[in-house]
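Secondary and tertiary structure notes
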Amino acid sequence: MAFAAGLSEHPLPTQATGEVVGQVLDALGPDAGPPDLALLFVTAPHAGAVEDIAAAVRSTLQPGVLLGCTAESVVGGPREVEQRPAIALWAGHTGPVRPFHLHVQPTPDGNAVVGWPSEEPGQVPAVLVLADPFTFPTDAFLERLQEDKPELAVVGGLASGSPAPGGNRLVVDDRVVTDGAVGAFLGAGVDVATVVSQGCRPIGEPLVITKAERNIVYELGGRPALERLQDVARALPEEERELLTHGVHLGRVIDESKTEFGRGDFLIRNVLGGDPSNGAIAVGELVEVGSTAQFQVRDAASADEDLRQLLTGRRAQGALLFTCNGRGTRLFGRPDHDAEVVVEGLSTPAVAGMFCAGELGPVGRKNFLHGFTASVVLFTTQA
């Protein structure tokens, strides 16, 4: 196999490390040679041993590049281990991989992100990023990268192993750091594709934003936005109307050149509140007059349907899954949902990943930081 994944729930980090390395080596086969890239995901109970875990993985698996981070919960094959001791390991023959460590450095002109390779590999379609949510300006980084390299897809997620600054660990080869972001360029020797499932279902009809300022939408289709939402709610069956009490979302179309909009065309953001005095609604994202938007709802059934449909017809030899902390048993009422759907949908057991404090992935050919999303990176060896 070109790709493999391992998972261990052993409470001793030394034993767990041996188990995941053994599973990966067995799956890759004795004649495969060292993998080009390995990803290591470690839950909080093992965080104090990350240095030793990473060193053991490097010495036994001997990957060309090792990346990793701490996470609240991890994924290995069709399993999700939530908030318990666990290690997940993924490895693959991806062709040459160039790693980096980005961090914020003060300058006379303000803070700057440094560490981006001065010489980039040519013709790579994607870059994988694992970032610390407390010390790395992910949104600003994505905006700058969109300006400089709009063709480059950014995938990955934010470390979730600690709720406080300084608690997360990021791994890049033989280094373990507590700040910034680690990553690598992908696709020099393998085909890379992405699936970003935002877990929502549209309600009502698409409408043009006709009056707005920053993140405040005053009018949709020439009428107060709050009135439009009330109209949509009244038209829903009673059981679906109940979903609105758990949260309303607005999907904004990213590629306005399309004539019809479907799954994957909307960037989903929370509706933060409404003002009855002027009919405006506040959204968790800057909006533009003239763009198209549609109200959305999110529940377990919608999230399941969205992920399954986006994976329909897809195949991959290996995949990385970055899913939100708010999914798993919190959303679906049982463990393993996203992992099972990805393994089944892609017909490969070589799936690993983590639960994130924010997920990275492109929507409409633009890169965004998401919440409540399952962002999947698909790998297939080139013919």
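Scoring rules and cut-offs
- Residues numbered from 1 in each chain as written.
- Predicted model: local features only at pLDDT ≥ 70, side-chain atom pairs only at ≥ 80, totals over all residues.
- Heavy atoms only, no water.
- Helix = DSSP H or I, 4+ residues; strand = E, 2+ residues; numbered from the N terminus.
- Expected span 1.5 Å × (residues − 1).
- Contact = heavy atoms within 4.5 Å.
- 1 Å grid on protein atoms, 1.4 Å probe; cavity = no way out; pocket = protein on both sides within 12 Å on 5 of 7 lines; lining within 4 Å.
- Points joined across faces, edges and corners; volume = space filled by probe spheres on them.
- Nonpolar A, V, L, I, M, F, W, Y, C, P; charged D, E, K, R; others polar.
- Salt bridge = Lys/Arg side-chain N within 4 Å of Asp/Glu carboxyl O.
- Buried < 20%, exposed > 50% of the residue type's maximum accessible area, 1.4 Å probe, protein only.
- Disulfide = S-S within 2.5 Å.
- Pairing = 2+ DSSP bridges.
- Axes fitted to C-alpha atoms, helices over the stretch in contact; angles between N-to-C directions.

1. A look at the environment of Ala-181
Residue placement: Ala-181 occurs in strand E13 (residues 181-186). Considered as a pair, Ala-181 and Leu-130 are 51 residues apart in the sequence and their alpha carbons are 5.5 Å apart.

2. Some words on helix H2 (residues 50-61)
Taking 1.5 Å of rise per residue, the 12 residues of H2 would be expected to cover 16 Å, and the 16 Å separating its terminal C-alpha atoms lies within 8% of that figure. Those residues of H2 that are buried are in contact with helix H1 (13-28), strand E2 (37-43), strand E3 (65-71), strand E6 (87-92), strand E11 (170-172) and strand E12 (175-177). Residue Gln-62 follows H2 closely and has a positive phi angle near 55°.

3. Some points on the layout of surface pockets
Quantified by volume, the largest pocket comes out at close to 810 Å³. What lines the largest pocket is a set of 26 residues, among which Arg-252, Arg-269, Glu-285, Leu-286 and Phe-368 lie closest to the centre. Tallying contributions element by element places strand E26 (residues 366-370) first for the lining of the largest pocket, with five residues. Approximately 290 Å³ is the volume found for the second largest pocket. Every residue along the wall of the second largest pocket is listed here: Leu-102, Ala-112, Val-113, Trp-116, Glu-120, Ala-140, Phe-141, Arg-144, Leu-145, Asp-148 and Lys-149. Those elements giving two or more residues to the lining of the second largest pocket turn out to be strand E8 (110-114) and helix H3 (138-148). No other element matches the five residues that H3 contributes to the lining of the second largest pocket. Its residues assigned to classes, the lining of the second largest pocket shows seven nonpolar, no polar and four charged.

4. A closer look at the pattern of salt bridges
Two side chains bearing opposite charge may form a pair once their charged atoms approach each other closely. All chains considered together, the criterion is met by 14 salt bridges. Its salt-bridge partner being Asp-336, residue Arg-79 comes within 3.9 Å of it at the nearest N-O pair. Note that Arg-79 is positioned in strand E5 (residues 79-82) and Asp-336 in the loop between helix H7 (328-332) and helix H8 (337-346), a separation of 257 residues in sequence. When its relative accessible area of 32% is taken as the criterion, Arg-79 is described as partly exposed. Residue Asp-336 is classed as buried on the basis of its relative accessible area, which comes to 12%. As a salt-bridge pair, Glu-227 and Arg-223 come within 3.3 Å of each other at their nearest N and O atoms.

5. Section: empty space enclosed by the protein
Any empty space left between the atoms is revealed when a probe the size of a water molecule rolls over them. Under the counting rule described, the total for this entry stands at one cavity of 30 Å³ or more. What the largest cavity holds in volume is close to 50 Å³. Lining the largest cavity are Leu-250, Arg-252, Leu-267, Arg-269, Val-283, Glu-285 and Val-287. Elements with a minimum of two residues in the lining of the largest cavity: strand E19 (249-253) and strand E20 (266-275). Each residue belonging to the lining of the largest cavity can be placed in one class, and the counts come to four nonpolar, no polar and three charged.

6. Concerning the state of the cysteines
Tallied over the entire structure, the rule returns zero disulfides. Cysteine Cys-69 remains unbridged, with the sulfur of Cys-356 as its closest cysteine sulfur at 7.2 Å. Distance from the sulfur of Cys-324, which forms no disulfide, to the nearest cysteine sulfur (Cys-356) is 7.9 Å. Cys-324 sits in the buried class, given a relative accessible area of 9%.

7. So, the sheet that holds E8
Across the sheet, which stays open at both edges, the seven strands sit in the order E8-E7-E13-E9-E10-E25-E26 with mixed pairing between neighbours. Two strands lie at the open edges of the sheet, namely E8 and E26, each paired on one side alone. Going across the sheet, the axis of each strand differs from the next one's by a mean of 25°, ignoring polarity. Across five bridges, strand E7 (residues 98-107) lies against E8 in antiparallel orientation.

Geometric values such as these leave the question of function open.
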